[in-house]
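# Fold and geometry: a report
Given next are the chains, with one letter for each unit.
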Amino acid sequence: MSFSSDEVNFLVYRYLQESGFIHSAYTFGIESHISQSNINGALVPPGALLNIIQKGLQYTEAEISIGEDGTERVIESLPLIDAVMPDVVESRKQAAAKAHQIKTENANTNGEDASHSLVNHTDAMDIDGTLEIPSSKATVLKGHESEVFICAWNPTNDLLASGSGDSTARIWNMNDNSNSANQLVLRHCIQKGGTEVPSNKDVTSLDWNCDGTLLATGSYDGFARIWSTDGHLVNTLGQHKGPIFALKWNKRGNHILSAGVDKTTIIWDASSGNCTQQFAFHSGKFSFSFFLFLSLSLSLSLSLSLFLSLSFSLSLSLSLSLSLSLSLSLSLSLSLSLFLSLSFSLSLSFSLSLSFSFSLSLSLFLSLSFSLFSLFLLSLSLSLSLSLSLSLSLSLALSYYIYLT
């Protein structure tokens with residue numbers, strides 16, 4: 001016996017999917033590289049992991065219940081957690097062997113001792129829980145070529161419907177008092193190349209309508225079918241994009257509700273076979289499209305705020321450059337006036353120099369004030385951009401959390 005980690009991972013992945021742990025299954029599939037394995041998932045039956053675990057548990061119980069001499073001992077059912085603990089299994093073996101030895105010794109005592117023990121015995125007796133049904137009162141229904149997943153009694157007649165892994169459902173007529181019941185085979189076929197061929201998929205669910213005239217079946221091939229009691233196919237319902245695991249008639253018998261692994265449930269009109277309503281998993285108030293729209297809107301808002309802040313900063317820089325150029329031009333003009341005044345008189349040059357100094361100090365003061373005001377507006381725009389970025393991050397996180405929950 002040999003198995004690989006990819007096979008174990010695939011069984012765990014399928015178990016998570018079938019149990020409804022969609023996000024856990026997605027994360028596990030990504031981390032374990034399920035998509036890169038060579039396992040054909042269509043060939044793996046549902047419940048494979050639980051089937052293997054159940055067989056292992058039965059094997060462990062057989063180890064405990066069968067003694068070294070080949071005798072069978074009656075034991076209590078073994079919990080799964082106890083079955084993986086060697087100490088617990090060993091203690092159960094010893095307890096079963098001791099109980100079997102005591103029971104054997106009591107059976108080998110003479111009649112006097114036995115009657116004495118019966119009179120004075122006050123503890124509860126060990127009772128074998130197995131109940132054997134006489135073959136005259138049992139009817140074995142043979143016909144399915146694979147395991148049977150589900151059965152359902154007709155509500156008005158003695159008809160029993162069964163669904164199996166051999167891609168068939170069967171209607172058993174139990175009115176006959178003979179040991180063998182008449183059966184109608186409902187073969188589940190699909191269209192392939194213009195002809196009908198067996199789907200080779202499990203019949204996973206079935207249900208009778210309220211008056212027992214129609215039988216609905218769901219299959220692993222993604223189709224639901226409606227059958228009459230004489231085995232005639234009345235309608236085929238095909239809109240699921242994956243296996244169907246459950247279906248149910250309503251009380252009036254005019255609609256069918258089916259649920260599939262494609263995360264949708266569909267309400268069918270039984271008379272026409274049309275889909276009247278379809279409900280998607282995780283639709284809720286906040287859909288993924290709304291989440292995407294919110295994210296894009298906030299991204300555009302952030303981009304617009306950054307563009308405005310950069311444009312404002314550039315305009316302030318240009319204004320500062322112009323103010324400095326004007327101040328420099330004014331200073332140069334006053335310097336030229338001072339130079340010209342030297343050619344005329346000292347008193348005029350002194351007055352012009354004072355005017356130049358005052359003009360220069362005034363221009364420098366205006367330039368410095370304007371620069372400080374530009375820096376303040378720039379820091380304000382940057383703060384606004386950072387606050388919008390933080391709001392965007394929080395909004396995206398909140399939207400993703402709402403989408404997941």
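Given the structure is predicted, the values throughout are model-derived calculations rather than measurements.

Rules used in this analysis
- Residues numbered from 1 in each chain as written.
- Predicted model: local features only at pLDDT ≥ 70, side-chain atom pairs only at ≥ 80, totals over all residues.
- Heavy atoms only, no water.
- Helix = DSSP H or I, 4+ residues; strand = E, 2+ residues; numbered from the N terminus.
- Buried < 20%, exposed > 50% of the residue type's maximum accessible area, 1.4 Å probe, protein only.
- Contact = heavy atoms within 4.5 Å.
- Areas by Shrake-Rupley, 256 points an atom, 1.4 Å probe, with all protein chains shown as cover.
- Salt bridge = Lys/Arg side-chain N within 4 Å of Asp/Glu carboxyl O.
- Phe/Tyr/Trp six-rings, centres within 6.5 Å; stacked < 30°, edge-to-face > 60°.
- UniProt positions renumbered as here; feature names shortened; annotations may be inferred.
- Axes fitted to C-alpha atoms, helices over the stretch in contact; angles between N-to-C directions.
- Parallel < 35°, antiparallel > 145°, perpendicular 65-115°, else oblique.
- Left-handed = near helix turned anticlockwise from the far one by under 90°.
- Nonpolar A, V, L, I, M, F, W, Y, C, P; charged D, E, K, R; others polar.
- Pairing = 2+ DSSP bridges.

Looking now at the overall build of the chain. Each helix and strand in the chain was counted, giving eight helices and 14 strands. Scored against the burial criterion, the 405 residues of the chain give a buried share of 26%. If you take every contact in the chain between residues at least 6 apart in sequence, the share linking residues at least 24 apart comes to 42%. Roughly 27,300 Å² of accessible area belongs to the chain as shown, and the carbon and sulfur atoms make up 62% of that amount.

This next bit is on the pattern of salt bridges. This model, assessed by the stated rule, comprises four salt bridges. Residues D166 and R170 are paired through a salt bridge, measuring 3.8 Å at the closest nitrogen-oxygen approach. There is no split in this pair, since D166 and R170 are both buried. The closest approach of N and O atoms between D207 and K248, which form a salt bridge, is 3.8 Å.

All right, on to the packing of aromatic side chains then. Evaluation of the coordinates by the stated rule reveals two aromatic pairs. Ring centres of F10 and Y13 lie 6.4 Å apart, and the angle between their planes is 45°; on these two criteria the pair is classed as tilted. You can see F10 and its partner Y13 sitting in helix α1 (residues 5-18), three residues apart, about one turn around the helix. Taking the relative accessible area as the measure of exposure, F10 reaches 7% and is therefore buried. Since its relative accessible area comes to 19%, Y13 is described here as buried. Taken together, a centroid distance of 5.8 Å and an interplanar angle of 70° make the contact between Y220 and F245 edge-to-face. With Y220 in the loop between β8 (214-219) and β9 (224-228) and F245 in strand β11 (residues 244-249), this residue pair connects regions lying 25 residues apart in the sequence. Here F245 falls in the partly exposed class, since its relative accessible area comes to 32%.

Using the residue numbers shown here, the UniProt feature "repeat: WD" (unreviewed entry) corresponds to residues 141-182, 203-228 and 237-278. Its end C-alpha atoms 17 Å apart, residues 203-228 is made of 0% helix and 65% strand.

What follows deals with the packing of α1 against helix α2 (residues 22-31). Look at α1 against α2: their axes get within 8 Å of each other, and the N-to-C directions meet at 160°. As judged from the angle between their axes, α1 and α2 are roughly antiparallel. Read as a crossing pair, α1 and α2 show a hand that is left-handed. Where α1 approaches α2, its residues N9, V12, Y13, L16 and Q17 are matched on the opposing element by I22, S24, A25, F28 and G29. Residue composition of the contact of α1 with α2, grouped by class: six nonpolar, four polar and no charged.

We now examine the sheet that holds β9. Taken together, four strands build an open sheet; the order of strands is β7-β8-β9-β10 and the sheet is antiparallel. Edge positions in the sheet fall to β7 (203-208) and β10 (233-237), since each has one partner strand and no second. Averaged over neighbouring strand pairs, the angle between their axes works out to 20° when direction is ignored. Bridging between β7 and β8 involves five bridges; their strand directions are antiparallel. Within the sheet, the bridge partner assigned to W208 lies in β8 and is L215.

Our focus in this paragraph is the packing of α1 against helix α3 (residues 48-65). Relative orientation of the contacting elements α1 and α3 amounts to 115°, with a least axis distance of 8 Å. Here α1 is positioned roughly perpendicular relative to α3, judged by the angle of their axes. Here L11, V12 and Y15 of α1 come into contact with α3, specifically with A48, L49 and L50. Its residues assigned to classes, the contact of α1 with α3 comprises six nonpolar, no polar and no charged.

The next point concerns the sheet that holds strand β2 (residues 159-164). Sheet architecture is open: four strands sit in the order β1-β2-β3-β4, paired in antiparallel fashion. Taken across any chain shown, the strands that pair with only one partner, and hence form the sheet edges, are β1 (148-153) and β4 (182-187). Adjacent strand axes in the sheet meet at a mean angle of 20°, parallel and antiparallel pairs treated alike. The sheet contact formed by strand β3 (residues 168-173) and β4 spans six bridges and is antiparallel. Note on β4: the bridge partner recorded for R170 is V185.

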